[in-house]
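# Structural characterization, general
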Amino acid sequence: MSTKAISLTQLQEKVRTITLPLIVLLVWWVVSHREIVSPHFLPRPETVVGAFFTLVEEGILSFNLKMSFTRVISGFLLGISFGLVLGIAMGLSRTVEKLLRPLFDAVRQVPMLGFIPLIILWCGVNETSKVVFIAIGAYYSVVLNTFEGIRSVKKEYLEVAQVFEFGRFNLLRKFVLPAALPSILTGLRLGLSKSWMLVVGAELFTATKGGIGSMMAEGREQWRMEIVFVGIIIVGLVGFVLDQLLKVLEGRLLRWRKAID
Amino acid sequence: MGESGALQLSNLNKKFTVEGEKISIIENVNLTVSPGEFISIIGPSGCGKTTLLRMIIGLESDYEGDIILAGKKLNGPSLNRGVVFQDHRLLPWLTIEKNVGLGLEGKKYARNRKQIIQDHLELVGLRGFEKAYPYQLSGGMAQRASIARALVNRPEILLLDEPLGALDALTRMYMQQELEKIWQQEGGITMIMVTHDVEEAIYLSDKVVIMSNRPGKLKKTIPVPLARPRDRASYDFIKIKEEVLREFHLQAEHQFSYAI
Amino acid sequence: MNVPEVKIRVNYNEGKVEPLKEVIEASPSNSLGNAAVLGWRILLDSFNIFPGPLPGIVLRLGDKALGLIVPLLLFLAWDLVTRYELTPPQLLPLPKQVAVTFLDMVRSGELLVNLKISLLRVTAGFFAGSFTGLVLGTAMGLSKKIESYVGPLFHSIRQVPLLGWIPLLILWLGMGETFKVFFIAIGAFYAMTLNTFQGIRDVPGEYLEVARVFEYNRLQLFRKIVFPAALPSILTGVRIGLSLSWFLLVGAEFTGASEGIGYSIAWARQIFQTDVVIAGVFVIGVIGLLMDRVVTLLEGYLLRWRRKTFTA
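## Quick notes on the overall build of chain A
Check the secondary structure of chain A and you find 10 helices and zero strands. Listed N to C, the secondary structure of chain A is α-α-α-α-α-α-α-α-α-α in terms of helices and strands. For chain A, the C-alpha radius of gyration of 24 Å lies well beyond 18 Å, the compact-globule estimate for 261 residues. Once the C-alpha set of chain A is aligned to its principal axes, its extents read approximately 75 × 70 × 30 Å. Considering chain A as a whole, with its 261 residues, one finds that 44% of them fall into the buried category.

What follows is the structure in structure tokens.
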């Protein structure tokens, strides 16, 4: 009886979940087929699917994705390596914090896109400027979360370390970093999703050859609505997958945490 | 020089500064603990008993007077004093085995390290839980692991800060028996326990030291000359309990009138 | 440098610096040797995160002054590098020139005109987006049914990075004001929906039981319990939404605009007016900071019932 009831509510839940997306699809289909809206503005669903397969077959999609990935990965790694160093230094030392935090906070007030013109002026319209720009996105999140993570290490744990006469290095390795790890990983996740957004931005805002953002920009310039659609879906999917990958990593590294969800 | 495990507190005074005013927390405390003794410090909450214990651990500085262990004046925490905190303070990211092994970090025990950890897990009855994480243990089990962790270094003295305070009444009584067993098996280790549970103090200790409130002073030391294991319902036990409670101006529950 | 002489003591137990009433050490001359010794002690002590016993040190610099050291050094380096033309002046102008340009922009009214337009866009986008978000977040928070209808679609659309919408929105809405306001609204919409929803869902069940004891009706329940309890989270949504809107404004004005602060920076970049770019970046930073401060003030006022846990 009760199991049946549960499965019924679960079924209900599933139906609810797909109702709205189905309606959206249906409206899209009807509107585009009846040409209530010009196909220039709203391509037919099957045109989008067709465009996706063409882009895949011709290798355009994989080429552009590869370009974007290369940029994201180099920018992300650059950003987090600087971010981890500064975050740890500020977390461990109150003097470093007092020296650098005000400047860090002040610079952080500038919306990241605001740096694009400066970076382009200084680095030129090339790969370097894009990588630097993407790095900034990852950098902020990692600095802040690493700092907070280290600062919120419980005093109780540090007392345990004192009782066992741990040296500084061991203290950092055994107590401070593991305790700060959840927060650091959150920083990495936020940083990666920012980096992904900024790569799209960088490719849109700077004349670029290659990359998923420039594929969309070209689609827009040529009024190829279906390419823009494919681009949006791919960008969303990749962002989601990247986040899930880091979540899996998080789950592995933080096995010791009681699952809260 | 002093014998291993012998502790001497002389003329201890500690003050905290609160809003510019100095408040005396510990006043003129003198206490001698012989090697192998089990001592309980008992007092109302806020009387400074935990502060006193933290001074012996080495986590408090800025006090007057001397704390001398085995003939040497204390200076900061050290591995010759094991500590069991009220909250077990196991590191949540390490397995029980690794938590217990914390005290052996970078020491020369490396070869038989595994054996030492095994022995201590055995001692506290946690065999088979080596790979468990702290969140998977109940409160009582976590506290046992924390006792094992404090003992692996073979400290001269074990300091317990309300070690059973967070446990439910039944688990608590059971753990008191376990603690006594561990104390006997570890032969010769000195234990100092802070508690606010009178019965627990009498059940476990050779001497019960009573602290008074504000400023914390040692009011009275009551010896417990009863054979172990002790019977909580025995006449002598209850008489000592009455004596302790009298110090707090409390009446003992009249259990013994029924016991007669 | 005119630093007030404040004697302070670093309290490692609570991790804060407190003013010292009595002077622990007599501070003799400010000879170089003393300063060096003091510097080393500060550095060494600062790398100790033990909360335990540590000797108090006397710092002769206030907290704030310490934070000025690095910016001042950077500024000095900038000044020197440009003065001796170690970098091409069209890439890095003299600090003085940036200041002059900034004042010119203010005086000529150019800055004000552009700022006004940008702020109007942000205001419109932010209010449209956050209001919609507030409504959707409330609906999803109060009703599990609505959540299960709308939630999955909302969350899957949210996977698309904000900047990714630009090409589509331009095609649909053109490059005009509608596009900019709509684009800005998206950021505020996401932030408000998520935080309102979460805030309402996180209302402790105990409070709801209180409401049941007092036999509150639905409206009373919402007004007296749910909304106030969710308010901190909603205000977080306002804060994040506002800063996202400001971020997106810059993006929108880069894409296609003929006025606005973002546009003037992008244009200045193309004609190599680096001084204008730097002044512009400074201005958008300051505006971002001011917006954040306003939300903090609002929070402080609306949430005055909250006990202060952190005193920064």
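So, next bit.
## So, the overall build of chain C
Scanning chain C for helices and strands turns up 11 helices and three strands. Going from the N terminus to the C terminus, chain C shows its helices and strands as β-β-α-β-α-α-α-α-α-α-α-α-α-α. Relative to its full complement of 312 residues, chain C shows a buried share of 32%. Within chain C, contacts between residues separated by at least 24 positions form 71% of all contacts whose residues are at least 6 apart in sequence.

## Topic: the interface of chain C and chain A
In this assembly, 47 residues from chain C lie in contact with 51 residues from chain A. For the side of chain C that touches chain A, the secondary structure elements donating two or more residues are helix 1 (32–46), helix 2 (63–83), helix 5 (144–158), helix 6 (166–173), helix 9 (218–255), helix 10 (261–270) and helix 11 (274–302) of chain C. No other element matches helix 11 of chain C, which puts seven residues into the side of chain C that touches chain A. Classifying every residue of the side of chain C that touches chain A by side-chain character gives 35 nonpolar, 10 polar and two charged.

## Comments concerning the packing of helix 5 (residues 115–123) of chain A against helix 11 of chain C
Contact pair helix 5 of chain A / helix 11 of chain C: the axes reach a minimum separation of 9 Å and the direction vectors enclose 145 degrees. The element helix 5 of chain A and its partner helix 11 of chain C pack so that their crossing is left-handed. The segment helix 5 of chain A lies against helix 11 of chain C, with Pro117(A), Leu118(A) and Leu121(A) engaging Thr274(C), Val277(C) and Val281(C). Residues that form the contact of helix 5 of chain A with helix 11 of chain C fall into these classes: five nonpolar, one polar and no charged.

## Re the pairing of strand 7 (residues 157–161) of chain B
Residue and element names in this part refer to chain B. Counting buried positions along strand 7 gives five out of five residues, so the element sits mostly inside the fold. Neither face of strand 7 is exposed, since Ile157, Leu159 and Asp161 on one face and Leu158 and Leu160 on the opposite face are all buried. Of the strand pairs in this sheet, strand 7 and strand 8 (residues 190–195) are connected by five bridges, and their pairing is parallel. Residue isoleucine 157 lies in a different strand from strand 8, and its bridge partner there is threonine 190. Handedness of the strand 7-helix 5 (residues 169–185)-strand 8 crossover: right-handed.

## Points about the sheet that holds strand 2 (residues 21–33) of chain B
Residues and elements named next belong to chain B. As summarised here, the arrangement of the four strands in space is 2-1-4-5, forming an open sheet in which the pairing is antiparallel. Looking at which strands have only one partner, the edges of the open sheet turn out to be strand 2 and strand 5 (72–73). Where strand 4 (residues 63–69) and strand 5 come together, two bridges link them in antiparallel fashion. Bridge pairing in strand 5 links leucine 69 to lysine 72. Packing against the sheet, helix 1 (residues 49–57) makes contact with strand 1 (7–18), strand 2 and strand 4, and its axis sits at approximately 65 degrees to strand 2.

## Structural notes on unusual backbone geometry
A cis geometry characterises the amide bond from Arg228(B) onward to Pro229(B), with omega recorded as -10 degrees. Tracing the chain through its elements places Pro229(B) in the loop between strand 10 (217–223) and helix 7 (235–247). Located in the positive-phi region is Glu35(A), a residue other than glycine, with phi close to 55 degrees. Here Glu35(A) is to be found in the loop between helix 1 (2–33) and helix 2 (45–57). Since 10 C-beta atoms lie within 10 Å of it, Glu35(A) is described here as exposed.

## Considerations on the confidence of the model for chain C
Of the residues in chain C, 77% reach a pLDDT of 70 or more, and the chain-wide mean stands at 78. Listed scores for the predicted complex are pTM 0.77 and ipTM 0.83.

## Looking at the packing of helix 10 (residues 225–253) of chain A against helix 6 of chain C
As a packed pair, helix 10 of chain A and helix 6 of chain C sit with axes 9 Å apart at the nearest point and diverge in direction by 145 degrees. The two elements helix 10 of chain A and helix 6 of chain C cross, and the hand of that crossing is left-handed. Judged by residue contacts, Met225(A), Val228(A) and Ile232(A) of helix 10 of chain A engage Pro167(C), Leu168(C) and Leu171(C) from helix 6 of chain C.

## A few points about helix 6 of chain C
Structurally, the α-helix is built with 3.6 residues per turn, so residues lying three or four positions apart point the same way. If you check which residues of helix 6 of chain C are buried, you get Ile166(C), Pro167(C), Leu169(C) and Ile170(C). Across the axial projection of helix 6 of chain C, the buried residues extend over an arc of 165 degrees, all falling on one side. Buried residues in helix 6 of chain C make contact with helix 8 (168–205), helix 9 (212–221) and helix 10 of chain A together with helix 7 (177–201) and helix 9 of chain C. Looking at the residues trailing helix 6 of chain C, positive phi occurs at Gly174(C), about 80 degrees.

## What to know about the sheet that holds strand 10 of chain B
Residues and elements named next belong to chain B. Here six strands make up an open sheet; going across it, the order is 6-7-8-3-9-10 and the pairing mixed. Strands at the two margins of the open sheet, each flanked by one partner only, are strand 6 (81–84) and strand 10. Recorded for the sheet is a direction-independent mean angle of 20 degrees between the axes of neighbouring strands. Relative to strand 10, strand 9 (residues 207–212) runs antiparallel, the two being bridged by six bridges. Within the sheet, the bridge partner assigned to methionine 211 lies in strand 10 and is leucine 218.

## Focus: helix 9 of chain A
Within helix 9 of chain A, eight of the 10 residues are buried, leaving the element largely enclosed by the surrounding structure. Looking only at helix 9 of chain A, the buried set comprises Ile212(A), Gly213(A), Ser214(A), Met215(A), Met216(A), Ala217(A), Gly219(A) and Arg220(A). The inward-facing, buried residues of helix 9 of chain A abut helix 3 (60–92), helix 8 and helix 10 of chain A together with helix 6 of chain C. At the exit of helix 9 of chain A stands Trp223(A), carrying a positive phi of roughly 55 degrees.

## Here's the deal with the environment of Ile189(B)
Residue and element names in this part refer to chain B. Its place among the elements puts isoleucine 189 in the loop between helix 5 and strand 8. Classification of isoleucine 189 by C-beta neighbours within 10 Å gives buried; the count is 22. Setting aside anything within four residues of it in sequence, one finds isoleucine 189 in contact with Gly5, Gly36, Ile157, Leu158 and Trp183.

## Quick notes on the pairing of strand 3 (residues 38–42) of chain B
Residue and element names in this part refer to chain B. The buried count for strand 3 comes to five of five residues, which makes it a mostly enclosed element. Burial of strand 3 is two-sided: the residues Phe38, Ser40 and Ile42 facing one way and the residues Ile39 and Ile41 facing the other way are all buried. Alignment of strand 3 against strand 8, held across five bridges, turns out to be parallel. Within the sheet, the bridge partner assigned to isoleucine 42 lies in strand 8 and is threonine 195. In this sheet, strand 9 lies alongside strand 3 in parallel orientation, the contact comprising four bridges. By the bridge assignment, isoleucine 39 is partnered in strand 9 with lysine 207.

The rules behind each value
- Each chain carries its own residue numbering, running from 1 in the written order of its sequence.
- Think of it this way: whatever chain is written first is A, whatever ligand is written first is 1, and the rest follow in order.
- Local features in this predicted model are restricted to residues of pLDDT 70 or higher, and side-chain atom pairs are both shown and tallied only at a pLDDT of 80 or more, whereas totals for entire chains, interfaces and linings draw on every residue.
- To qualify as a helix, a DSSP run of H or I must reach at least 4 residues; to qualify as a strand, a run of E must reach at least 2; elements of each kind are numbered from the N terminus.
- Every radius of gyration here is taken over C-alpha atoms, with the globule rule written as 2.2 Å times N^0.38, N being the number of residues.
- Remark: C-beta atoms are placed from the backbone, and a residue is labelled buried if 20 or more other C-beta atoms sit within 10 Å of its own, exposed if 12 or fewer do, or partly exposed between those counts.
- For every residue pair, C-beta atoms are placed from the backbone, and the pair is scored as a contact if these atoms sit within 7 Å.
- Any residue outside Ala, Val, Leu, Ile, Met, Phe, Trp, Tyr, Cys, Pro, Asp, Glu, Lys and Arg is labelled polar, Gly included; the first ten of those are nonpolar and the last four are charged.
- Orientation is described by lines fitted to C-alpha atoms, with helices fitted over the stretch in contact, and by angles between N-to-C directions that extend from 0 to 180 degrees.
- By convention, the crossing between two helices is left-handed when the near helix turns anticlockwise from the far helix through less than a right angle, and right-handed when the turn is clockwise.
- Two strands form a pair only when DSSP identifies at least two bridges running between them.
- Handedness of a crossover: with both strands directed away from the viewer, a clockwise path from the first strand across the helix to the second marks it as right-handed.
- For every residue, the predictor states its confidence as a pLDDT score lying anywhere from 0 to 100.
- It is the directions from the helix axis to the C-beta atoms whose arc is reported.

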